[in-house]
2 protein chains.
Amino acid sequence: MQVKRTEQLFNSCSEEQLLKEIAPGKNRSIYIIGHMIAYHDAMNEILGTGKRSYSQLDAAFMHNPDRTGFDMPSVAELKQYWNDVHEQLSNAFEAMHQDDWFKRHNNMTDEDFAKEPARNKLSVLLNRTNHVAYHLGQLRLLK
Amino acid sequence: MQVKRTEQLFNSCSEEQLLKEIAPGKNRSIYIIGHMIAYHDAMNEILGTGKRSYSQLDAAFMHNPDRTGFDMPSVAELKQYWNDVHEQLSNAFEAMHQDDWFKRHNNMTDEDFAKEPARNKLSVLLNRTNHVAYHLGQLRLLK
């Protein structure tokens, strides 16, 4: 639901709007969109659902702030990556058994997971969903 | 986690910041905070955990946009309401049995719930948590 809402919002924006800051001196929408793609692509390795496809986005969208000079794909390319990443995750989630969500994710060691069993794959999904909502609230300011 | 993060953020802001718009022409922080209090207070009746305590906030924070002339409490009063509402909900959640989360909430009829059993009390909690994250993303622009 959060991903769909975000997609509807940015698809209703002009390219010019997506290249604008969401508020004076803050991130541009294109940065926020690329940031979510990079985060969601990285979920594959954390959840064990596959390899990453877009690690080339990390420099521009995850490890550095907006407007620090790193190469960014075009808005059209990012929209394609957005669709690919979410279609792939959606298929991977469909293929998971419900018990899998309560298992250890790959950023936790067995020892840490034994101490904190609530930090399972489902917690990754819930955190990432809140992360989408957080940035959707910011993107909404474009309208 | 989302409620705590929001609380830490607004407690680190001056009253002047909380009375400012989060971006030009957008809601003020005080409106967003009052809005979350009113929504969370209303969860009690939806989840069956008690009566509402702050329905007087609905006109200013839920049913009308910001700056439409409805009386608002002071920032100090809102912070007190925030603490009360979340302490009460937290106690109510502690007292719930885990199976209760999969039961019908009070905004669903038995007929609707039979058709859509995933729209249970847990879905209300998840939606409200995303709603906090959405507005937290906006409040973060104050910093």
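Residues numbered from 1 in each chain as written. Chains lettered and ligands numbered in written order. Predicted model: local features only at pLDDT ≥ 70, side-chain atom pairs only at ≥ 80, totals over all residues. Heavy atoms only, no water.

Engineer: Hey, could you run me through unusual backbone geometry in this one?
Structural biologist: The bulk of non-glycine residues show a negative phi, and the bulk of peptide bonds are trans. Here A:Arg67, not a glycine, exhibits a phi torsion of approximately 55°, which is positive. Its location among the elements puts A:Arg67 in the loop between α4 (58–61) and α5 (75–95). (Helix = DSSP H or I, 4+ residues; strand = E, 2+ residues; numbered from the N terminus.)

Engineer: What is the right way to look at the pattern of salt bridges in this model?
Structural biologist: Close approach of charged atoms lets side chains of opposite charge pair. The full count for this structure, using the stated rule, is 20 salt bridges over all chains. Where A:Lys103 meets A:Asp100, a salt bridge forms, and the shortest distance between an N and an O atom there is 3.1 Å. We note a salt bridge from B:Glu7 to B:Lys4, for which the minimum N-O separation is 3.2 Å. Placement of the pair is B:Glu7 and B:Lys4 together in helix α1 (residues 2–11), with a separation of three residues, close to one helical turn. Relative accessible area serves as the criterion here: at 14%, B:Glu7 is assigned to the buried category. Using a relative accessible area of 49% as the deciding quantity, one classes B:Lys4 as partly exposed. In the salt-bridge network here, residues are joined through shared partners; they are A:Glu21, A:Arg28, A:Asp66 and A:Arg67. (Salt bridge = Lys/Arg side-chain N within 4 Å of Asp/Glu carboxyl O. Buried < 20%, exposed > 50% of the residue type's maximum accessible area, 1.4 Å probe, protein only.)

Engineer: Mind showing me how you'd approach the interface of chain A and chain B here?
Structural biologist: When the parts of a complex come together, some accessible area is lost, and that lost area is often used as the size of the interface. Contacts between chain A and chain B engage 18 residues on the former and 18 residues on the latter. Interface of chain A and chain B: buried area, both sides summed, is about 1400 Å²; carbon and sulfur atoms make up 60% of it. The largest share of the area that chain A buries against chain B comes from A:Asn130, A:Tyr134 and A:Leu141, three residues that together contribute 39% of it. Between chain A and chain B we count zero salt bridges in total. The tally of links between chain A and chain B comes to nine residue pairs in polar contact (both at pLDDT 80 or more). For the side of chain A that touches chain B, the residue count by class is nine nonpolar, six polar and three charged. (Contact = heavy atoms within 4.5 Å. Buried area = accessible area lost by both parts, 1.4 Å probe. Polar contact = N/O pair within 3.5 Å; in protein donor to acceptor, adjacent residues only side chain to side chain. Nonpolar A, V, L, I, M, F, W, Y, C, P; charged D, E, K, R; others polar.)

Engineer: How should the side chain of A:Asn120 be read in this particular structure?
Structural biologist: Residues and elements named next belong to chain A. One can find Asn120 in the loop between α6 (110–115) and α7 (121–139). Look at Asn120 and you get buried, because its relative accessible area is 8%. The contacts of Asn120, once residues within four sequence positions are left out, are Trp101, Phe102, Lys103, His105 and Phe113.

Engineer: Is there a simple way to think about the packing of helix α1 (residues 2–11) of chain A against α5(A) in this case?
Structural biologist: When two helices pack together, their arrangement is captured by the angle between the axes and the distance separating the axes. Residue and element names in this part refer to chain A. The interhelical angle for the contact between α1 and α5, taken along N-to-C directions, is 165°, at an axis separation of 12 Å. Comparing their axes, α5 and α1 come out roughly antiparallel. The two elements α1 and α5 meet at a crossing, and its hand is left-handed. Of α5, the residues touching α1 (which contributes Val3, Thr6, Glu7, Phe10 and Asn11) are Lys79, Trp82, Asn83 and His86. Partitioned by chemical class, the residues of the contact of α1 with α5 number three nonpolar, four polar and two charged. (Axes fitted to C-alpha atoms, helices over the stretch in contact; angles between N-to-C directions. Parallel < 35°, antiparallel > 145°, perpendicular 65-115°, else oblique. Left-handed = near helix turned anticlockwise from the far one by under 90°.)

Engineer: Explain the relation of the copies chain A and chain B here, please?
Structural biologist: Overlaying chain A with chain B gives an RMSD of 0.0 Å, the required rotation being 180° about an axis along which the chain moves by 0.0 Å. What we have between these two chains is a two-fold relation. Relative to the rotation axis, the closest C-alpha in chain A is found at A:Tyr134, a distance of 2.0 Å. A symmetric contact is evident, with 100% of the interface residues of chain A recurring at the interface of chain B. (Least-squares fit on C-alpha atoms with pLDDT ≥ 70 in both.)

Engineer: How do you make sense of the environment of A:Gly48 when you look at a structure like this?
Structural biologist: Residue and element names in this part refer to chain A. Relative to the assigned elements, Gly48 resides in the loop between α3 (29–47) and α4. Sequence separation between Gly48 and Lys121 is 73 residues; the distance between their C-alpha atoms is 9.5 Å. With residues near it in sequence (within four places) discarded, Gly48 still touches Met43 and Asn106.

Engineer: Explain α1(A) to me, please; I cannot follow it from the model alone.
Structural biologist: Among all positions in α1(A), only A:Gln2, A:Thr6, A:Glu7, A:Leu9 and A:Phe10 are buried. Buried residues along α1(A) cover an arc of 160° about the axis, so they all sit on one side. Structurally, α1(A) contributes buried residues whose contacts are with α2 (15–18), α3, α5 and α7 of chain A together with α7 (121–139) of chain B. (Arc of directions from axis to C-beta.)

Engineer: Where do I start with the confidence of the model for chain A in this structure?
Structural biologist: Any region with low pLDDT has predicted coordinates that should not be read closely. Residues and elements named next belong to chain A. Residues of chain A with pLDDT of at least 70 account for 100%, and the chain-wide mean is 97. Mean pLDDT in chain A bottoms out at α2, which sits at 96, and peaks at α7, which reaches 98. At the level of chain-chain contacts, confidence expressed as ipTM amounts to 0.95, with global pTM at 0.96. (pLDDT = per-residue confidence, 0-100.)

Engineer: I would appreciate a short explanation of the nonpolar core in the present structure.
Structural biologist: Most often, soluble globular proteins have nonpolar side chains that are buried together. Ranked by size, the top nonpolar core spans 72 residues in total, and within it A:Leu18, A:Ile37, A:Leu57, A:Leu78, B:Leu18, B:Ile37 and B:Leu57 carry the most contacts. Sequence-distant contacts of B:Leu57, that is, excluding residues within four places in its chain, are made with B:Gly34, B:Ile37, B:Ala38, B:Met62, B:Pro73 and B:Tyr81. (Core = buried A, V, L, I, M, F, W, Y, C linked by side-chain atoms within 4.5 Å.)

Engineer: Help me understand the packing of α7(A) against α7(B), please; the structure alone is not making it clear to me.
Structural biologist: In contact at an axis separation of 6 Å, α7(A) and α7(B) are set at 45° when each is read in the N-to-C sense. Comparing their axes, α7(B) and α7(A) come out oblique. Handedness of the crossing formed by α7(A) with α7(B): right-handed. Between α7(A), through A:Leu126, A:Thr129, A:Asn130, A:Ala133, A:Tyr134, A:Leu136, A:Gly137 and A:Gln138, and α7(B), the contact on the second element is made entirely by B:Leu126, B:Thr129, B:Asn130, B:Ala133, B:Tyr134, B:Leu136, B:Gly137 and B:Gln138. Here the residues of the contact of α7(A) with α7(B) sort into eight nonpolar, eight polar and no charged.

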